[in-house]
Amino acid sequence: MRTMTPDPLAVLQVATMHNITEEQAATAINWAAHMTGHAWEAYADTLGLVKKDGAAMEAWFSTLGPDLRSSVLDDAVTAVVGADRVLAEIYSTQDGQQPARARVMRTNRPRVHIH
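A short tour of the structure in this document, coming up. (Residues numbered from 1 in each chain as written. Predicted model: local features only at pLDDT ≥ 70, side-chain atom pairs only at ≥ 80, totals over all residues. Heavy atoms only, no water.)

A look at the packing of aromatic side chains
Scanning all chains against the criterion turns up three aromatic pairs. Centre to centre, the rings of Trp40 and Tyr43 are 6.0 Å apart; their planes meet at 35°, and the pair counts as tilted. On the criterion of helical spacing, the pair formed by Trp40 and Tyr43 is a turn pair, its members being three residues apart in helix 2 (residues 22–47). Judged by relative accessible area, which is 36%, Tyr43 ranks as partly exposed. (Phe/Tyr/Trp six-rings, centres within 6.5 Å; stacked < 30°, edge-to-face > 60°. Helix = DSSP H or I, 4+ residues; strand = E, 2+ residues; numbered from the N terminus. Buried < 20%, exposed > 50% of the residue type's maximum accessible area, 1.4 Å probe, protein only.)

This is the structure:
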C-alpha cells in the first residue's frame, strides 16, 4: 500500500489545533485515512459493494457526519502522541542503561541538496 503525502496546509492546521508537531500531524492524517479506508472496506463487504468504487466510497463518506470524521482524526492524533511517548520512554530507559551514544535520526523525508 502506498502512503500519500498529506496536504501541507492540512498538516499545519492539525498540528496547530492539537498542539503537536507537523510530523505527528502528518502521521495522524495518514493513520486516519487508512482507518477510514478500512471502515469503507468493511462497509462495502457488508453490503456487497465493490471496494474499489471511488464514487460509492465518496457517497458513503459524505453520509458520515463531521463529528464522526473529526473523531477518527482525534483518535489518530491520540494514538500517534501515545506512541511517541512510549518510544521516548523506551529510549530514555535504554539510554540510562547503556553508555552515552549518538542515536541515528531516521526520517522518510527526501534529502534536499542546495548547490
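Focus on unusual backbone geometry
A positive phi angle is found at Asn19, which is not glycine, with a value near 55°. Inspection of the secondary structure assignment puts Asn19 in the loop between helix 1 (8–18) and helix 2. We classify Asn19 as exposed; its relative accessible area is 72%.

Considering helix 2
In an α-helix, one turn spans 3.6 residues; hence positions three or four apart end up facing the same way. Its 26 residues give helix 2 an end-to-end C-alpha distance of 37 Å, which sits within 8% of 38 Å, the value for a rise of 1.5 Å per residue. All of the buried residues along helix 2 are Gln24, Ala25, Ala26, Ala28, Ile29, Asn30, Ala32, Thr36, Gly37, Trp40 and Ala44. Once helix 2 ends, the next one or two residues include Gly48, with phi positive near 75°. (Expected span 1.5 Å × (residues − 1).)

Focus on the packing of helix 1 against helix 2
Between helix 1 and helix 2, whose axes approach to 8 Å, the crossing angle comes to 110°. Classed by the angle they form, the pair helix 1 and helix 2 counts as roughly perpendicular. Only Glu22, Ala25, Ala26 and Ile29 of helix 2 make contact with helix 1, whose side of the interface consists of Ala10, Val11, Leu12, Val14 and Ala15. When its residues are assigned to classes, the contact of helix 1 with helix 2 shows eight nonpolar, no polar and one charged. (Axes fitted to C-alpha atoms, helices over the stretch in contact; angles between N-to-C directions. Parallel < 35°, antiparallel > 145°, perpendicular 65-115°, else oblique. Contact = heavy atoms within 4.5 Å. Nonpolar A, V, L, I, M, F, W, Y, C, P; charged D, E, K, R; others polar.)

Comments concerning a nonpolar patch on the surface
Taken together, the side chains of Val86, Leu87, Ile90 and Tyr91 define a hydrophobic patch exposed on the protein surface, amounting to about 330 Å² of accessible area. Along the chain, Tyr91 turns up in helix 4 (residues 66–97). Its relative accessible area of 34% is what places Tyr91 among the partly exposed residues. (Patch = residues over 30% accessible without salt bridge, like charges linked within 9 Å, V, L, I, M, F, W, Y side chains within 5 Å. Areas by Shrake-Rupley, 256 points an atom, 1.4 Å probe, with all protein chains shown as cover. Salt bridge = Lys/Arg side-chain N within 4 Å of Asp/Glu carboxyl O.)

Things to note about the layout of surface pockets
There is about 360 Å³ of room inside the second largest pocket. What lines the second largest pocket is a set of 20 residues, among which Ala32, Thr36, Arg69, Val72 and Leu73 lie closest to the centre. The residue inventory of the lining of the second largest pocket, partitioned by class, reads 14 nonpolar, four polar and two charged. (1 Å grid on protein atoms, 1.4 Å probe; cavity = no way out; pocket = protein on both sides within 12 Å on 5 of 7 lines; lining within 4 Å. Points joined across faces, edges and corners; volume = space filled by probe spheres on them.)

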